[in-house]
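Residues per chain are reported as follows:
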Amino acid sequence: MRAVVIVPVLKQGRPQPLPEGAPPAPSRSNDARLEEAMGLARAIDLTVVQGLIVAVNQPRPATLMGSGKIAEIKALLDEFDAGLVIVDHPLTPVQQRNLEKEWGAKVIDRTGLILEIFGRRASTKEGTLQVELAHLNYQKGRLVRSWTHLERQRGGAGFMGGPGETQIEADRRQLQDKIIKLERELEQVVRTRQLHRAKRRKVPHPIVALVGYTNAGKSTLFNRITGAGVLAEDMLFATLDPTLRRMKLPHGRTVIMSDTVGFISDLPTHLVAAFRATLEEVLEADLILHVRDMSDPDNGAQSADVLRILDDLGIDEKERSERIIEVWNKIDRLDPENHDGLLQKAAGRENVLPVSAISGEGVDILLDTISQRLSGVLTEATITVPADKQAVVSWLYGNAVVHGREDHEDGSVSLDVRLTDRQADELERKLGSKKPTDKEDWER
């Protein structure tokens, strides 16, 4: 379908004064907004014939824009034979209906477009349920009379029944019934996720979650690190359903990597609510990798949007400093001068690592940093496991770093290992012995 994309730019009121010493909040340029909106349209295979930035000095309750601009866009639609208009701004049901009448074309706003993309991308049962629930909640306030001959259905028994309910009321009731049914199904999904998390806690593999603005390169980095085959394209919301993979870090530690849905500015509240069960995977993570596209001029504003959503999820600024590593991705797209300048800038900041998921530059350093952050201080020890507790040997290979082994004639095994305090506590419980100190033999 041929589409025209419109980005309304509303006149800003007097800016709020910032606290003393606070840096100004990053703002997104109008051209970047237009490019993103056109990218969203192309993500569902629409042919974008024209993109416009429209200044709106005084928003109209009935149509958002003035009559002159509406007539200008009508002529544009006729010229390009376009049957769809995408307005990159929330529209009320009245505004959407009036604009469709004026233009003689289908009109959807930013929320409707993102819902459409998510509907196309959802591939698991959970994702489909979440998108459908968000879509029904969005549609509930946008019902119009479809059948005027059924404007009011007869209520009660017999021909003397009362006036009954209007068709819109009947449609709204049907939608509410579907919403309740979906919410119950999603409650089961939440319980299932909680069971999966409980099982993962019993096998104490730390979780590393990738978050970031859509198209920041999370899936490409995920594939580079884990060797997974997750869809990774230069497209907004190329992947939707979360993916988890177990992998070994360079020093032998096993972790679970989680690739989550990309964030975006003005993410519809319906989607945030519906996808809370999925987004809670981020809350459970031991370490969060915030992937940023450093080749995008608006990466500062994108980063602010991501941090705002993390804050809404309950990860405040103090917790972010302890759990988040900023991954400055796509440095391969920078020219040599900007590339070197970015490396110097990152070197002077804590918890910031520049990488290229395409070329692999910086990925080894990233994996080493993840290993160090998750492992903490490693204790080296030689542990002798008796013959009757060989299950402990398997546990050590799966959880600690084993760099030496000697098998004895009595069936016992001596292992040279490096392990964290938490792993040492767990090993103490399994063997019933005291915790090892640095370079000490630990024998039963």
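Per an unreviewed UniProt entry, the protein chain goes by the name GTPase HflX and belongs to Rhizobium wuzhouense. Listed in UniProt under the heading Sequence similarities (unreviewed entry), the comment for the protein chain reads: "Belongs to the TRAFAC class OBG-HflX-like GTPase superfamily. HflX GTPase family." Under the UniProt heading Function (unreviewed entry), the note attached to the protein chain is "GTPase that associates with the 50S ribosomal subunit and may have a role during protein synthesis or ribosome biogenesis."

In this section: the overall build of the protein chain. The helix and strand inventory of the protein chain stands at 15 helices and 14 strands. The burial tally for the protein chain puts 48% of its 444 residues in the buried class. For the protein chain, contacts bridging at least 24 residues in sequence account for 68% of all contacts bridging at least 6.

Tracing the sequence through the fold places R323 in helix α11 (residues 317-323). Residue classification places R323 among the buried positions, given a relative accessible area of 11%. Of the polar contacts made by the side chain of R323, one reaches the backbone oxygen of A285; its length is 2.6 Å. Not counting the four nearest positions on each side in its chain, R323 is found in contact with V282, L283, E284, A285, D286, L287, I288, I315 and R373.

The interhelical angle for the contact between helix α2 (residues 67-80) and helix α3 (residues 93-103), taken along N-to-C directions, is 55 degrees, at an axis separation of 9 Å. Looking at the two axes, α2 sits oblique to α3. The handedness of the crossing between α2 and α3 is right-handed. Only L99, E102 and W103 of α3 make contact with α2, whose side of the interface consists of I70, I73, K74 and L77. Residues that form the contact of α2 with α3 fall into these classes: 5 nonpolar, no polar and 2 charged.

So, on to the sheet that holds strand β9 (residues 324-329). The strands making up a sheet associate through backbone hydrogen bonding, with each pair oriented either parallel or antiparallel. Spatial ordering of the open sheet is given by β6-β7-β5-β8-β9-β10, a layout of 6 strands whose pairing is mixed. At either end of the open sheet lies a strand with only one pairing partner, and these are β6 (243-248) and β10 (352-354). Here the average twist between neighbouring strands, direction ignored, is 25 degrees. When strand β5 (residues 207-212) meets strand β7 (residues 254-259), the two strands line up parallel, connected through 4 bridges. Pairing of A209 across the sheet is with S258, part of β7. Packing of helix α10 (residues 299-313) onto the sheet brings it into contact with β5, β8 (287-293) and β9, and relative to β8 it is tilted by some 150 degrees.

As a further point, take a negative patch on the surface. Taken together, the side chains of D311, D312, D316, E317 and E322 make up a negatively charged region of the molecular surface. If you list the elements that add at least two residues to the negative patch, you get α10 and α11. Note that D312 resides in helix α10. Assessed through its relative accessible area of 57%, D312 is described here as exposed.

Further remarks concern the sheet that holds strand β2 (residues 47-56). Taken in spatial order, the 4 strands of this open sheet run β2-β1-β3-β4, and their pairing is parallel. Looking at strand neighbours, the two that pair on one side only are β2 and β4 (106-109), the edges of this open sheet. Here the average twist between neighbouring strands, direction ignored, is 20 degrees. Pairing analysis gives 9 bridges linking strand β1 (residues 2-10) to β2, with the strands arranged parallel. Considered in β2, the bridge of V7 is made with I53. Helix-sheet contacts for α3 involve β1, β3 (84-87) and β4, and the interaxial angle to β4 is about 145 degrees.

Take the side chain of D259 next. Mapped onto the fold, D259 is located in strand β7. Within the local environment of D259, its side chain forms a polar contact with the side chain of S219, the two groups lying 2.8 Å apart.

Along its 16 residues, helix α5 (residues 125-140) runs 22 Å from first to last C-alpha, staying within 8% of the 22 Å computed at 1.5 Å per residue. The complete set of buried residues in α5 reads E126, G127, L129, Q130, V131, L133, A134, L136 and Y138.

Tallied over the full model, the rule gives 14 salt bridges. Note that E185 and K181 form a salt bridge whose closest N and O atoms lie 2.9 Å from each other. Residue E185 and its partner K181 are both found in helix α6 (residues 167-202); the two are separated by 4 residues, about one turn of the helix. By relative accessible area, E185 is classed as partly exposed at 26%.

Non-glycine residue N215 carries a positive phi angle of around 70 degrees. Turning to its location among the elements, N215 is positioned in the loop between β5 and α7 (218-226).

Within the secondary structure, S321 is located in helix α11. Residues S321 and E350, spaced 29 residues apart in sequence, show a C-alpha to C-alpha distance of 9.4 Å. Once you skip the residues sitting within four places of it in the chain, S321 turns out to touch N351 and R373.

On to empty space enclosed by the protein, then. Inspection of the entire model under this criterion finds 2 cavities of 30 Å³ or more. What the second largest cavity holds in volume is close to 40 Å³. Lining the second largest cavity, in full, are Y213, H290, V291, R292, D293, N299, Q302, S303 and V306. Put simply, the parts of the chain that give the lining of the second largest cavity at least two residues each are β8 and α10. Classifying every residue of the lining of the second largest cavity by side-chain character gives 3 nonpolar, 4 polar and 2 charged.

Quick notes on the rules
- Residues numbered from 1 in each chain as written.
- Predicted model: local features only at pLDDT ≥ 70, side-chain atom pairs only at ≥ 80, totals over all residues.
- Heavy atoms only, no water.
- UniProt positions renumbered as here; feature names shortened; annotations may be inferred.
- Helix = DSSP H or I, 4+ residues; strand = E, 2+ residues; numbered from the N terminus.
- Buried < 20%, exposed > 50% of the residue type's maximum accessible area, 1.4 Å probe, protein only.
- Contact = heavy atoms within 4.5 Å.
- Polar contact = N/O pair within 3.5 Å; in protein donor to acceptor, adjacent residues only side chain to side chain.
- Axes fitted to C-alpha atoms, helices over the stretch in contact; angles between N-to-C directions.
- Parallel < 35°, antiparallel > 145°, perpendicular 65-115°, else oblique.
- Left-handed = near helix turned anticlockwise from the far one by under 90°.
- Nonpolar A, V, L, I, M, F, W, Y, C, P; charged D, E, K, R; others polar.
- Pairing = 2+ DSSP bridges.
- Patch = residues over 30% accessible without salt bridge, like charges linked within 9 Å, V, L, I, M, F, W, Y side chains within 5 Å.
- Areas by Shrake-Rupley, 256 points an atom, 1.4 Å probe, with all protein chains shown as cover.
- Salt bridge = Lys/Arg side-chain N within 4 Å of Asp/Glu carboxyl O.
- Lys, Arg positive; Asp, Glu negative; His and termini not counted.
- Charge placed at Lys NZ, Arg CZ, Asp CG, Glu CD.
- Expected span 1.5 Å × (residues − 1).
- 1 Å grid on protein atoms, 1.4 Å probe; cavity = no way out; pocket = protein on both sides within 12 Å on 5 of 7 lines; lining within 4 Å.
- Points joined across faces, edges and corners; volume = space filled by probe spheres on them.

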